[in-house]
Amino acid sequence: FPSHDTLQDLTDYPIQTLLGQNVTTTSDESGYPGIYLLVNDAIVTTVNIQATNGLVHIIDRVLLPTTDQEVTVWDIIYNSHRHETLKWYIIQEDLVDRFQVPGPITFFAPTNLAFNSIPDSVINSVGIRNIILYHLTNQLLSSQDLYLNREIVTQNDSSFYVIEVDSNAIVTGK
């Protein structure tokens, strides 16, 4: 583990906590202004606050140590402040059980920002249940599994594809 002075210098290195567990810092290239560094899934909002005995980096969520307890897709959604709208819709549509099954499942989880960018008229015409199930698949798909032209069948009996746009892999409907 190399010696570095700032959190930006530690991008892509595991950092061992006092509990002996690792957190990982990564650069976020999502394109959102101001979001450029993550610790696990927490956004680093302020870096390098000097103290007499070290540094403080401000993050936007609590990092939880890993346990032997199983964590479901629903647990991740439920504990994510970036998915409050999604969580509300899942509860309203009585779909929580779909996210607590033993699996395998993969969920492409739209953020609050994603939902806010869609007019209510579109959500109402397509149906929120249909939209949620269109993002859920009965396959375990890691990022390595999302290769170009891959068809991904969803739980609403539709599918979408991984395509390339401006040298980036994105998912799109038929």
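Preceding this section is the structure that the text describes.
So, a few notes on the structure that sits alongside this text. (Residues numbered from 1 in each chain as written. Predicted model: local features only at pLDDT ≥ 70, side-chain atom pairs only at ≥ 80, totals over all residues. Heavy atoms only, no water.)

1. Focus: the side chain of serine 80
For serine 80, the position within the fold is in the loop between α1 (73-78) and α2 (84-92). By relative accessible area, which is 4% here, serine 80 ends up buried. Polar contacts involving the side chain of serine 80 include one to the side chain of histidine 83, which spans 2.6 Å. (Helix = DSSP H or I, 4+ residues; strand = E, 2+ residues; numbered from the N terminus. Buried < 20%, exposed > 50% of the residue type's maximum accessible area, 1.4 Å probe, protein only. Polar contact = N/O pair within 3.5 Å; in protein donor to acceptor, adjacent residues only side chain to side chain.)

2. Remarks on the pairing of strand β4 (residues 42-51)
Side-chain positions along a regular strand alternate between the two faces of the sheet. Where strand β3 (residues 37-39) meets β4, two bridges bridge the pair, whose relative direction is antiparallel. Its bridge partner being in β4, valine 39 is matched across the sheet by alanine 42. Here β3 folds back onto β4 in antiparallel fashion, the turn holding two residues, of which asparagine 40 has a positive phi close to 55°. Relative to strand β5 (residues 54-59), β4 runs antiparallel, the two being bridged by five bridges. Each bridged residue has a counterpart across the sheet, and for valine 44 the counterpart in β5 is isoleucine 59. Linking β4 to β5, which pair antiparallel, is a turn of two residues. (Pairing = 2+ DSSP bridges.)

3. Some remarks on the environment of arginine 82
Within the element layout of this structure, arginine 82 appears in the loop between α1 and α2. Note: C-alpha distance between arginine 82 and alanine 109 (27 residues apart in sequence) is 9.7 Å. The contacts of arginine 82, once residues within four sequence positions are left out, are Asp41, Ile43, Arg61, Thr111 and Asn112. (Contact = heavy atoms within 4.5 Å.)

4. A few points about α2
Restricting attention to buried positions, one finds in α2 the residues Leu86, Lys87, Tyr89 and Ile90. Projected onto a plane normal to the axis of α2, the buried residues spread over an arc of 165° and lie on a single side. In this structure, the buried side of α2 is in contact with α1, β6 (106-107), α3 (112-116), α4 (120-126) and α5 (128-134). Looking one or two residues past α2, aspartate 94 carries a phi angle of roughly 55°, positive in sign. (Arc of directions from axis to C-beta.)

5. Remarks on unusual backbone geometry
Here the residue pair glycine 103 and proline 104 is connected by a cis peptide bond, since its omega of 10° sits within 30 degrees of zero. On the secondary structure map, proline 104 appears in the loop between α2 and β6. Look at aspartate 94: it is not a glycine, yet its phi comes out positive at around 55°. Position of aspartate 94 among the secondary structure elements: in the loop between α2 and β6. Assessed through its relative accessible area of 67%, aspartate 94 is described here as exposed.

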